[in-house]
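# Coordinate inspection notes
Chain by chain, the residues run as shown.
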Amino acid sequence: PLSGKMHVFVGPMGSGKTSHLVKTAAQLVIRDKKRIAIVSTDTTKVGAVDQLKIYCQILNVPFAVIRDKSEWAWLESQLQNVDHILVDSPGMSLLDMDEIQRIRSLMPPNSEAAQVHLCLSSAMKESDALEAVRRYRIVQPTDLVFTALDLSVQHGVIATVQLRSGLPLHSFGTGPRVPEDFELATKERVLDLLFKLSSLKRTTEK
């Protein structure tokens, strides 16, 4: 799930996309000892660039901002020695169709070879999550990330969106802590979320 050089994180506003990118970066640097770089194409959200810059200083990894697709060629030539490039994109409103075209215009070249992680909050309404999947099809997401597992007690939206979209699950954001609240998706974990198996086990043991 963390193979491949280019990882692009996309998702609606408030989906926890940027936080999950940082958690993924920390996993790669601290656990896997990988050389990474972080790139932001989000120049619209106030403070988005500064926030990522601080995390990059903490992790001691290169950081860059892309404002135009023409800048990608130079940037990639400077990052040939890194193992992974993690790209943060602008969050999209579900009410504005033009925003998805801007996100598409800033995707890295050869983005068909990238892993594009569509981030959704598990606290979203099912209809909104499915609408986000429909709109983000234009950037060809390769998998789904569900964040904010701690903000919902019902996680049926995860199974519904996965089945309806046909996209595999990549990972989960389980809380606000960076980098601790990150886990890769497994079948066992999904079943646990849907059927509350851990809760049942604790109740039985009591």
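Residues numbered from 1 in each chain as written. Predicted model: local features only at pLDDT ≥ 70, side-chain atom pairs only at ≥ 80, totals over all residues. Heavy atoms only, no water.

Here the focus is the overall build of the chain. Each helix and strand counted, the chain has 8 helices and 8 strands in total. In terms of C-alpha radius of gyration, the chain reaches 17 Å, essentially the compact-globule figure of 17 Å for 206 residues. The principal-axis extent of the C-alpha atoms belonging to the chain is close to 60 × 40 × 30 Å. Counting every position in the chain, which comprises 206 residues, the buried fraction comes to 48%. Within the structure as shown, the chain displays about 10600 Å² of accessible surface, and the carbon and sulfur contribution to it stands at 53%. (Helix = DSSP H or I, 4+ residues; strand = E, 2+ residues; numbered from the N terminus. Rg over C-alpha atoms; globule rule 2.2 N^0.38 Å. Buried < 20%, exposed > 50% of the residue type's maximum accessible area, 1.4 Å probe, protein only. Areas by Shrake-Rupley, 256 points an atom, 1.4 Å probe, with all protein chains shown as cover.)

What follows deals with the pattern of salt bridges. Think of it this way: side chains of opposite charge can pair up when their charged atoms draw near. On inspection of all chains with the given rule, the structure shows 8 salt bridges. Between Glu183 and Arg189 there is a salt bridge, with the nearest N and O atoms lying 2.6 Å from each other. Take Glu183: its relative accessible area is 24%, and that puts it in the partly exposed class. Overall, the relative accessible area of 24% leaves Arg189 in the partly exposed class. (Salt bridge = Lys/Arg side-chain N within 4 Å of Asp/Glu carboxyl O.)

Pairing between the strands of a sheet is mediated by backbone hydrogen bonds and can be parallel or antiparallel. Across the sheet, 8 strands lie side by side as β3-β2-β4-β1-β5-β6-β7-β8; this open sheet has mixed pairing. Either end of the sheet is taken by a strand with one partner, and the two such strands are β3 (63–65) and β8 (182–184). Neighbour-to-neighbour, the strand axes of this sheet turn through a mean angle of 20 degrees, independent of strand direction. Sitting on the sheet, helix α5 (residues 126–136) touches β1 (6–10), β5 (115–121) and β6 (143–147), and the angle it makes with β5 is about 155 degrees. In the packing of helix α6 (residues 156–165) onto the sheet, contacts are made with β5, β6 and β7 (169–173), and the angle to β6 comes to roughly 165 degrees. (Pairing = 2+ DSSP bridges. Axes fitted to C-alpha atoms, helices over the stretch in contact; angles between N-to-C directions. Contact = heavy atoms within 4.5 Å.)

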